[in-house]
Amino acid sequence: MIMNSLGTIITTEQSPSTTEFTFVVNGAKVLKGQYVQVPMQDGGMIFGFVNEITKANRYFERPESVAEFEKGSGIKSNFPVDSWEYELALVKILGKFAANKFARVFHPPSPGMKIYEAENSILKSFLGFDEKGLDIGTIEHHDVPAKLSLTRLVQKHLAILAMSGAGKSHLASVLLEELLSRKKEDGRIAVVAIDIHGEYLGFAHDPSLGRQCTLVDCAELRFPLKKLSTETIAQWVPDLSAPQREVLRQVLGLLKAKKDQGFSFKELIEAVDASDVSKDEVKRALKRTLNELKNYRFLSRKTENPKLGTLRPGNMLILDFSAIDSLRKKQILVSLIAKRLFMLRKKNKIPPFLLLIEEAHNFAREKAEERDAVSRSIIETIAREGRKFGAAICLISQRPVNLSTTALSQCNTHIILRVTNPNDLDHIQMSSEGIDSRVAKSITSLKVGEALIVGEAVNYPVFVSVRERRSQKRERGLPLHQQAIDFEEKAKKKEKGAEAFI
Ligand SMILES: Nc1ncnc2c1ncn2[C@@H]1O[C@H](COP(=O)(O)OP(=O)(O)OP(=O)(O)O)[C@@H](O)[C@H]1O
Ligand SMILES: [Mg+2]
């Protein structure tokens, strides 16, 4: 295929170098963010990314003459200014493709060399896409699907970061569609989604993917008391004093030995009462704590729901947390579920899995008091050690500043959508590799559904337009205008009803 050249490399003070070059555009359309290639004399091909485009025109170089002409009939009517305008594209060199291999660039291209649009087939492998990967959209300005390798994207964890409404949950849904649609021979993992706002419920009702999904409402979550250890409870309630902990240990030990059918909270509290601790205030404080846990209503005598041990490859468990108000309860549940999943995975009782956590800054908060950090340690543990065991997490957050840096830095792929808050932007720039200040600037101008992928999943930072969803969208929580309409209609009906009654 003969391609038309986009332009010609020129000399500037510092380029062409091994890291960048500038070319003058020859009339073809060149866009910021486009990939280009330069055929080299040795048969290799240098690949680059258009980082910026500037326009120049010698007629507008001198302010005093522009001012002078504009006072009269205007500079345009006196000179052929349009034919003197030209564009310069600044290209960041990414690497070289030679002898079917990608390499760094050790020698710059020469001034005068021709620039071409990057060939799609080479671009795919240059960026590190995988034919059997997860198709999340297309790369900007090129007709190339962004197919991310499952292993590269997920194994070393993933973070989706952006401001509210930028398309995080949409992107997560696209990823889930891809994960659920994988073939057995390509490797399928199980997914557990902590659905904080009830945004993933649609999957359970989807005509094609619904069969692979199990939806558990938060009111139906159950975990047997007898399986809890003193350490676990102490982690949930960090202000438990040493004497209280001791009583709890004794009482739990006793009940577990006596009641192999399990026991209720009532029995647990009675056993605390009956314990031979002399100090009443220790018992009282412990009972208060246990009552708080009881009120969360998920600890049961025997029932366990969901049974995490039944997780299957290619299936998804959606835990609908949308009706839970208490953040502590949510944290305790996340900690419990994450811990059980990791333990089961280490024993190889469940398939490799991805644990997706929405509002991750609430569950792995950077500067949290111990009491508010119940789930942080297990998330950090999975982030640090999960990769060896096939236990992966996907953290989604609109407040990256508040997200544990330990957890975030262990997420080797970051997908960043629109962010405008400067603090968040700084934090992202610091914690994501490969974001230079130019790329960081582009993050503020991304549109909804446009994403920047950096890290393990791709060879170079890539901007992607996230594709439409294929599955059914169904959310708990209607748009504000719809809620307002519904409210007024309901009120009107009520009024009419009352009138009719009178
Ligand atoms: N790639 C896309 N194509 C089409 N629509 C999109 C795309 N990305 C997002 N949207 C739409 O934009 C809206 C906001 O997206 P989404 O709910 O995913 O944002 P969010 O980042 O999760 O917000 P929040 O922080 O409030 O949870 C949704 O209505 C969604 O359907
Ligand atoms: Mg969301």
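Residues numbered from 1 in each chain as written. Chains lettered and ligands numbered in written order. Predicted model: local features only at pLDDT ≥ 70, side-chain atom pairs only at ≥ 80, totals over all residues. Heavy atoms only, no water.

(A) Looking closely at unusual backbone geometry. With an omega of 5°, the peptide bond running from serine 15 to proline 16 counts as cis. The topology assignment puts proline 16 in the loop between strand 1 (7-10) and strand 2 (20-25). Of note, the amide linkage connecting asparagine 305 to proline 306 takes the cis form, showing an omega dihedral of -5°. You will see that asparagine 348, though not glycine, has its phi angle at about 60°, which is positive. Within the secondary structure, asparagine 348 sits in the loop between helix 11 (327-346) and strand 16 (353-357). (Helix = DSSP H or I, 4+ residues; strand = E, 2+ residues; numbered from the N terminus.)

(B) Quick look at the site of ligand 1. Taken together, 16 residues lie around ligand 1, and Ser164, Gly165, Lys168, Ser169 and His170 are the ones closest in. Serine 164 is positioned such that a nitrogen or oxygen atom in its side chain is 2.8 Å from an oxygen atom of ligand 1. If ligand 1 stood free it would expose 630 Å²; the protein chains cover 72% of that surface. The biggest single contributor to the shell around ligand 1 is helix 5 (residues 168-180), with three residues. Considering only residue class, the shell around ligand 1 consists of four nonpolar, seven polar and five charged. (Near = heavy atom within 4 Å. Polar contact = N/O pair within 3.5 Å; in protein donor to acceptor, adjacent residues only side chain to side chain. Areas by Shrake-Rupley, 256 points an atom, 1.4 Å probe, with all protein chains shown as cover. Nonpolar A, V, L, I, M, F, W, Y, C, P; charged D, E, K, R; others polar.)

(C) Representation of the packing of aromatic side chains. As enumerated under the stated definition, the model contains 12 aromatic pairs in all. On the numbers, 6.5 Å between centres and 45° between planes, the contact of phenylalanine 21 with phenylalanine 23 is tilted. The exposure class assigned to phenylalanine 21 is buried, which follows from its relative accessible area of 0%. Taken together, the ring pairs connect Phe47, Phe97, Phe102, Phe126 and Tyr460 into an aromatic cluster. In this structure, arginine 58 is placed above the aromatic ring of tryptophan 84, and the distance from its NZ or CZ to the ring centre is 4.8 Å. Here the basic side chain of lysine 346 rests over the ring of phenylalanine 389, its NZ or CZ set 5.5 Å away from the ring centre. (Phe/Tyr/Trp six-rings, centres within 6.5 Å; stacked < 30°, edge-to-face > 60°. Buried < 20%, exposed > 50% of the residue type's maximum accessible area, 1.4 Å probe, protein only. Lys NZ or Arg CZ within 6 Å of the ring centre and 35° of its normal.)

(D) Here's a closer look at the packing of helix 8 (residues 242-258) against helix 9 (residues 265-274). At a closest axis distance of 10 Å, the pairing of helix 8 and helix 9 adopts a crossing angle of 120°. Between helix 8 and helix 9, the angle falls in the class oblique. Of the two possible hands of crossing, helix 8 and helix 9 adopt the one that is right-handed. Mapping the contact onto sequence places Val247, Val251, Leu252 and Leu255 in helix 8 and Glu267, Leu268, Ala271 and Val272 in helix 9. (Axes fitted to C-alpha atoms, helices over the stretch in contact; angles between N-to-C directions. Parallel < 35°, antiparallel > 145°, perpendicular 65-115°, else oblique. Left-handed = near helix turned anticlockwise from the far one by under 90°. Contact = heavy atoms within 4.5 Å.)

(E) Quick look at the sheet that holds strand 15 (residues 316-320). The 11 strands lie next to each other as 9-8-20-19-18-10-17-16-11-15-12, forming an open sheet whose pairing is mixed. One side of each edge strand has no neighbouring strand; the edge strands of this open sheet are strand 9 (145-148) and strand 12 (213-217). Ignoring strand direction, the axes of neighbouring strands in this sheet form an average angle of 25°. In this structure, strand 8 (residues 134-139) lies alongside strand 20 (residues 462-466), joined through three bridges in antiparallel fashion. Among the inter-strand pairings, isoleucine 139 is bridged to a residue of strand 20, identified as valine 464. Set on the sheet, helix 12 (residues 376-389) makes contact with strand 16 and strand 17 (391-397); between it and strand 17 the angle comes to about 140°. (Pairing = 2+ DSSP bridges.)

(F) Highlighting the nonpolar core. Core analysis: the largest hydrophobic core is formed by 137 residues, its most contacted members being Ile139, Trp236 and Phe321. Here this core takes nine residues from helix 11, the largest share from any one element. With residues up to four places along the chain from it excluded, the contact list for tryptophan 236 reads Leu228, Leu293, Phe298, Leu299, Arg328, Ile332, Ser335, Leu336 and Val374. Residues Val25, Val36, Val91 and Val105 belong to the second largest nonpolar core, which totals 17 residues. (Core = buried A, V, L, I, M, F, W, Y, C linked by side-chain atoms within 4.5 Å.)

(G) Region of the structure containing the environment of serine 65. Relative to the assigned elements, serine 65 resides in helix 1 (residues 63-71). Put simply, serine 65 and lysine 92 are 27 residues apart on the chain and 35 Å apart in space, counted from C-alpha to C-alpha.

From the geometry alone we can't say anything about function, so treat these as descriptive.
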